[in-house]
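The primary structure of each chain is shown beneath.
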Amino acid sequence: MDCTTNRQWNMKKLSLITILIALLTACAAPLGTITVHTVGDDNKLMSPLVESKQLINDQNTIFKTEQNGNSNGDDVFAIYLTDTYLRYLKDWGGINEVLIVVEFTEAVTGTTQDTITKILGPYNNIADATRAPLLNKALYGPKKMESDLLTMNIKVYEYDLEENENNAAMLEFIAGSASTLALADPVTLGEIKIAKEIAQTLIRTNENDLVVNMDFDFVAGNKKYKNYSKSRVLPLKDSELVVVKQEACRIGTCWDYFSNYTDGVPANGPGVLTDIVMLVPTTIVKATTDVADAKSLEPLKAEEISVTDDGLSKDGEAFTDKTWLRFSIVKGGDPSQWAVRKALYPQEEEINKLLRNPNALTVENMKAMTSRIEKIQQEIAQLNADIQLKSKLSVNGTHFIPKNAASSSLCFDHSENVDVLTNQAVLFLDAQSDQTVTLTSQSKSSTCYTLAKSSFTNDTGKFQVNYKIGKQNKTASFPVIVADALAGTPAATCSKNIDDNKNTITITLTQTGVKQVESIQLNGHTIPFSIEGDKIKATVSDANPTLALTDVFDTTVSTLSLTCN
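Residues numbered from 1 in each chain as written. Predicted model: local features only at pLDDT ≥ 70, side-chain atom pairs only at ≥ 80, totals over all residues. Heavy atoms only, no water.

Asks: Teacher, can you tell me more about the sheet that holds strand E31 (residues 530-532) here?
Replies: Picture the strands of a sheet paired through backbone hydrogen bonds; they go either parallel or antiparallel. With respect to topology, four strands assemble into an open sheet ordered E27-E28-E32-E31, the strand pairing being antiparallel. Taken across any chain shown, the strands that pair with only one partner, and hence form the sheet edges, are strand E27 (491-496) and E31. Taken pair by pair, the neighbouring strands of this sheet meet at an average axis angle of 25°, ignoring direction. Across six bridges, strand E28 (residues 503-508) lies against strand E32 (residues 535-540) in antiparallel orientation. Paired with Thr504 across the bridge in E32 is Thr539. (Pairing = 2+ DSSP bridges. Helix = DSSP H or I, 4+ residues; strand = E, 2+ residues; numbered from the N terminus. Axes fitted to C-alpha atoms, helices over the stretch in contact; angles between N-to-C directions.)

Asks: Is there a simple way to think about the state of the cysteines in this case?
Replies: Inspection of every chain in the model, using the stated rule, returns two disulfides. The disulfide partner of Cys411 is Cys448, and the S-S distance across this bridge is 2.1 Å. Taking the sign of the torsion about the S-S bond as the criterion, the disulfide between Cys411 and Cys448, at about 115°, is right-handed. One end of the pair, Cys411, is in strand E21 (residues 407-414); the other, Cys448, is in strand E24 (residues 446-452), and 37 residues separate them in sequence. (Disulfide = S-S within 2.5 Å.)

Asks: Please explain the packing of aromatic side chains as it appears in this structure.
Replies: Any aromatic ring pair is given by two values, namely how distant the centres are and how the planes are angled relative to each other. Going through the model one piece at a time under the given rule, you end up with nine aromatic pairs. Taken together, a centroid distance of 6.4 Å and an interplanar angle of 80° make the contact between Phe400 and Phe553 edge-to-face. With a gap of 153 residues between them, Phe400 in strand E20 (residues 398-402) and Phe553 in the loop between strand E33 (547-551) and strand E34 (556-558) connect regions that are remote in the sequence. Looking at Phe400, the relative accessible area reads 0%, which means it is buried. Judged by relative accessible area, which is 16%, Phe553 ranks as buried. Through pairs of rings, three or more aromatic residues link up here, namely Phe412, Tyr449, Phe463 and Phe478. (Phe/Tyr/Trp six-rings, centres within 6.5 Å; stacked < 30°, edge-to-face > 60°. Buried < 20%, exposed > 50% of the residue type's maximum accessible area, 1.4 Å probe, protein only.)

Asks: I tried to follow the side chain of Ser519 on my own but got confused; where do I start?
Replies: Its location among the elements puts Ser519 in strand E29 (residues 517-522). Separated by 2.5 Å, the side chains of Ser519 and Gln521 make a polar contact. Apart from the residues within four sequence positions on either side, Ser519 is in contact with Thr526, Phe529, Ala548, Leu549 and Thr550. (Polar contact = N/O pair within 3.5 Å; in protein donor to acceptor, adjacent residues only side chain to side chain. Contact = heavy atoms within 4.5 Å.)

Asks: I keep staring at the sheet that holds strand E16 (residues 317-318) and nothing clicks. Help me out?
Replies: The sheet built from three strands is open, its strands ordered E14-E15-E16 with antiparallel pairing. Looking at which strands have only one partner, the edges of the open sheet turn out to be strand E14 (305-308) and E16. By the bridge criterion, two bridges tie strand E15 (residues 311-314) to E16 in an arrangement that is antiparallel. Each bridged residue has a counterpart across the sheet, and for Lys314 the counterpart in E16 is Glu317.

So this is what it looks like as structure tokens:
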């Protein structure tokens with residue numbers, strides 16, 4: 001074989017290798033394994049799942065909005081993207097353009113209006129293995145939780161602008177119109193349509209640019225859940241979530257792609273030969289492109305990670321082995337602005353049609369528009385109506401009266417559009433009568449009554465008051481319990497959980513006693529708890545805990561030191 005033939009043959013081999021490398025690197029990057037964690041009191045990562053019965057009474061849970069508006073503020077929440085760390089973005093030049101698309105769906109109306117699409121970015125000139133330039137970006141809310149379920153889908157895209165000029169044009173359009181079109185905060189019908197269409201266009205044309213794709217289904221609190229259930233759900237509660245991506249291999253990026261070595265032993269013996277054949281192209285791919293290293297391919301050891309104000313850390317250093325996103329779910333806030341904008345849903349499109357058509361601006365149509373606007377204002381007034389029990393002796397929406405007391409002060413806050421009919425308030429008790437209700441104070445946002453009797457004895461009942469929103473008559477009612485303060489040492493047991501390393505404590509009280517418990521502390525820290533009939537249950541890590549229970553009367557009792565078996 002002469003030199004010319006050799007050169008031609010070498011060129012062919014080089015061309016084949018080049019084509020192989022191009023094929024290997026052009027394949028869509030695998031999404032890998034994505035895990036979700038919540039952050040415990042010790043700032044360590046832990047499973048985010050809880051038993052559904054904990055959603056009945058957990059004080060950190062966001063509850064579904066009650067139809068009568070009497071939610072005590074437990075139904076208001078917001079979700080924020082705190083920060084991110086992104087590894088293995090795919091641009092060869094090391095500079096990336098990142099876009100984050102988040103979709104939220106609440107099953108409220110049963111239409112596409114239930115889905116809100118949020119677009120963050122584009123963030124330009126992001127180096128691989130760095131944080132995206134964002135800090136605590138609001139994704140959803142503050143708003144009321146109008147459904148039992150909230151679905152959140154997160155997609156992170158990395159764009160190669162040189163590869164596709166349409167990408168550059170799309171990102172330029174998003175950046176230039178984000179403020180005008182409210183793409184970062186779409187709530188009205190028109191904004192939702194635009195944001196959704198843009199997001200769908202991105203998803204259809206850039207599937208290969210997808211870096212992270214994750215779906216969550218959050219479950220809201222509800223008093224109607226069964227208190228004996230063992231099912232586990234992802235709760236919508238005041239908490240912090242961390243999403244971590246473990247990278248995955250594809251052919252030509254890992255030495256043992258076919259043999260799959262585990263603890264030094266190949267899981268697939270015949271695959272060793274294939275990996276030897278692939279040794280050269282794999283070496284070239286790893287040397288010339290940014291592919292996942294060993295640390296990013298390993299399963300996450302959650303116990304080694306700590307969460308601080310600065311982000312995630314491992315052994316005192318910033319955690320940079322894997323891509324991660326950090327979210328905060330905040331309970332509370334003012335949902336009024338969200339409610340105002342959402343009230344435009346049914347009417348905005350029709351009004352826009354009229355405004356776009358000069359021939360439609362007739363007297364009849366103008367009257368119809370005015371009527372629609374008045375209807376929106378009425379809807380806003382009802383959406384913003386809120387009544388919350390705020391008495392000193394009230395907890396979890398229930399008012400307590402000390403046994404043998406001659407009077408008790410019951411107060412509730414309300415939005416200014418609520419017109420309390422102060423002379424239409426009454427206290428119903430199951431086993432006694434002759435109690436009186438007297439108005440003691442009233443302002444635009446608060447009303448107080450004195451509940452009086454010669455001497456209240458142990459009993460249950462309800463306080464009821466009528467109010468108006470505009471021309472609509474409504475009723476609010478609050479459970480009332482007359483009870484003794486907690487006393488003695490509550491009976492309690494502790495058992496080890498089978499499916500995790502934690503322990504379940506069961507405390508037995510009376511039916512009314514469990515309802516008046518305001519907080520439970522372990523070593524000075526408040527812990528969540530659930531109520532099941534006459535029992536309180538809490539989950540702890542301590543093997544020999546002593547719990548302190550504080551009731552609505554500011555009385556504290558403690559269990560004995562328990563041994564978890």
